[in-house]
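These are the residues of each chain, in order.
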Amino acid sequence: MSEGSVEVRLIKAGATKMRYPADVIADDGTHLVVRADYVSSGVRDFGFIRFEPGDVFTEHYWRDRWYAVKEVRSGDGAFKGWYCDVTRPARLVGGELSVEDLDLDLWVSADGSAILRLDEDEFAESGLTESDPEAAAQAVRALDELELLARQGALAELSARYGEV
């Protein structure tokens, strides 16, 4: 890995879910911003958004927050919205950025009119509430915080600061 890049490792239930290269845009020691191309070969259609080859993600990770915010743009630069993951705080060791997904997600449409809490059923079924009650409580607080940030327009501020570097 070059100094300006990392390998993002997404972990779910203790196993690596996905790995992909990303360019580092900014890192202040707490907040790390990377840009990555959509890595799957096919289209993922969630009904409210389609991730497609050519899409570009500007991803915001924090070492002290329990979430990540991903700005999604099409290959031609059209803004699609924000996909937010509830995660344990990010860890950067060497050239690997590791993030553990805790199942809860939030989708915010480009115009902010749709704010969707996702996968609350998966979270309930994950057993995290029993196996790690503190992490489960942090995860629920993180989802609430993300929704509040979305309703206040704070995600747009992140995009304005880092979206088109």
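Being a predicted model, the structure only gives us computed values, none of them experimental.

K.L.:
Run through the layout of surface pockets, naming residues and quoting values.
P.N.:
Taken as a whole, the largest pocket encloses approximately 440 Å³ of empty space. Lining of the largest pocket is provided by 25 residues; of these, Leu 10, Lys 17, Met 18, Arg 44 and Lys 70 occupy positions nearest its centre. A total of 4 residues in the lining of the largest pocket trace back to one element, the largest contributor, which is strand β10 (residues 96-109). Looking at side-chain class alone, the lining of the largest pocket contains 11 nonpolar, 2 polar and 12 charged residues.

K.L.:
Quick rundown of the nonpolar core? Include the residues and the values.
P.N.:
In terms of nonpolar packing, the biggest core is built from 27 residues, with Val 69, Val 86, Leu 106 and Leu 155 touching the most fellow members. Secondary structure elements with two or more residues in this core: β7 (67-73), β8 (79-87), β10, α3 (133-152) and α4 (154-162). Ranked by the residues each element gives to this core, the list is headed by α3, at 8 residues. Not counting the four nearest positions on each side in its chain, Leu 155 is found in contact with Val 69, Trp 82, Cys 84, Val 108, Leu 149 and Ala 150. Counting 13 residues, the second-largest nonpolar core is a separate cluster that includes Val 6, Ala 22, Tyr 61 and Ala 68.

K.L.:
How would you sum up the pairing of strand β3 (residues 31-37)? Please name residues and give values.
P.N.:
Of all 7 residues making up β3, 6 are buried, and the element is well covered by its neighbours. Joining the antiparallel neighbours strand β2 (residues 15-27) and β3 is a turn of 3 residues, in which Gly 29 adopts a positive phi near 95 degrees. As defined by bridge partners, β3 adjoins strand β6 (residues 56-62) across 7 bridges and the pair is classed as antiparallel. Bridge assignment links His 31 to a residue of β6, and that residue is Trp 62.

K.L.:
An account of the pattern of salt bridges is needed here, citing residue identities and associated values.
P.N.:
Going through the model one piece at a time under the given rule, you end up with 19 salt bridges. For Arg 9, the salt bridge goes to Glu 96, with nearest N and O atoms at 3.9 Å. Taken together, the residues span a long stretch of sequence, with Arg 9 in strand β1 (residues 5-12) and Glu 96 in strand β10 at a distance of 87 residues. Given the relative accessible area of 18%, Arg 9 is considered buried. For Glu 96, a relative accessible area of 23% translates into the label partly exposed. A salt bridge links Lys 12 to Glu 122, with the nearest nitrogen and oxygen atoms 3.3 Å apart. Of the two residues, Lys 12 is situated in strand β1 and Glu 122 in helix α1 (residues 120-126); the sequence distance between them amounts to 110 residues. It is possible to trace a salt-bridge network through shared partners that takes in Asp 45, Arg 50, Glu 52, Asp 55 and Lys 80.

K.L.:
Run through the packing of aromatic side chains, naming residues and quoting values.
P.N.:
In total, this model carries 11 aromatic pairs according to the counting rule given. With a centroid separation of 5.3 Å and an interplanar angle of 70 degrees, the aromatic rings of Phe 46 and Phe 51 are classed as edge-to-face. Judged by its relative accessible area of 6%, Phe 51 falls in the buried class. On the numbers, 5.8 Å between centres and 75 degrees between planes, the contact of Phe 51 with Tyr 83 is edge-to-face. Of the two residues, Phe 51 is situated in strand β5 (residues 50-51) and Tyr 83 in strand β8; the sequence distance between them amounts to 32 residues.

K.L.:
Would you mind going over α3 in detail, with residue names and values included?
P.N.:
Helix length check: α3 (20 residues) gives 29 Å between terminal C-alpha atoms against 28 Å at 1.5 Å per residue, within 8%. Taken residue by residue, α3 has Ala 135, Ala 136, Ala 139, Ala 142, Leu 143, Leu 146, Glu 147, Leu 149 and Ala 150 as its buried positions. Along α3, the residues classed as buried sweep out an arc of 160 degrees about the axis, all on the same side. The exposed set on the far side of α3, more than 90 degrees from its buried face, consists of Pro 133, Glu 134, Arg 151 and Gln 152. Of the residues trailing α3, Gly 153 is marked for its positive phi of about 80 degrees.

Cut-offs used in this document
- The residue numbering used here restarts from 1 in each chain and proceeds along that chain's sequence as written.
- Only residues with pLDDT of at least 70 get local features here, since the model is predicted, and only at 80 or more are side-chain atom pairs given and counted; chain-wide, interface and lining totals rely on the full set of residues.
- Derived side-chain values reflect all non-hydrogen atoms in the structure, with water molecules and hydrogen atoms excluded from consideration.
- Definitions used throughout: a 1 Å grid over protein atoms alone; a cavity as a set of points that fits a 1.4 Å probe which cannot get out; a pocket as an open set with protein on both sides within 12 Å along at least five of seven lines; a lining residue as one with an atom within 4 Å of a point.
- Grid points are joined across faces, edges and corners, and a volume is the space filled by probe spheres set on the points.
- Numbering of helices and strands runs from the N terminus; a helix is a DSSP stretch of H or I covering at least four residues, while a strand is a stretch of E covering at least two.
- Note on residue categories: nonpolar means Ala, Val, Leu, Ile, Met, Phe, Trp, Tyr, Cys or Pro, charged means Asp, Glu, Lys or Arg, and polar means any other residue, Gly included.
- Side-chain atoms within 4.5 Å link the members of a nonpolar core, which is a set of buried Ala, Val, Leu, Ile, Met, Phe, Trp, Tyr and Cys residues.
- Between buried and exposed lies partly exposed: a residue is buried under 20% and exposed over 50% of the maximum accessible area for its type, with that area taken using a 1.4 Å probe on protein chains only.
- Here a residue-residue contact requires only that any non-hydrogen atoms of the pair lie within 4.5 Å.
- Should DSSP find at least two bridges between two strands, the strands are taken to pair.
- Each reported salt bridge corresponds to a side-chain nitrogen of Lys or Arg within 4 Å of a carboxyl oxygen of Asp or Glu.
- When the centres of two rings from Phe, Tyr and Trp lie within 6.5 Å, Trp using its six-membered ring, the rings pair. Their planes under 30 degrees apart give stacked, over 60 give edge-to-face, and anything left gives tilted.
- Each residue after the first adds 1.5 Å to the expected span of a helix.
- It is the directions from the helix axis to the C-beta atoms that the arc portrays.

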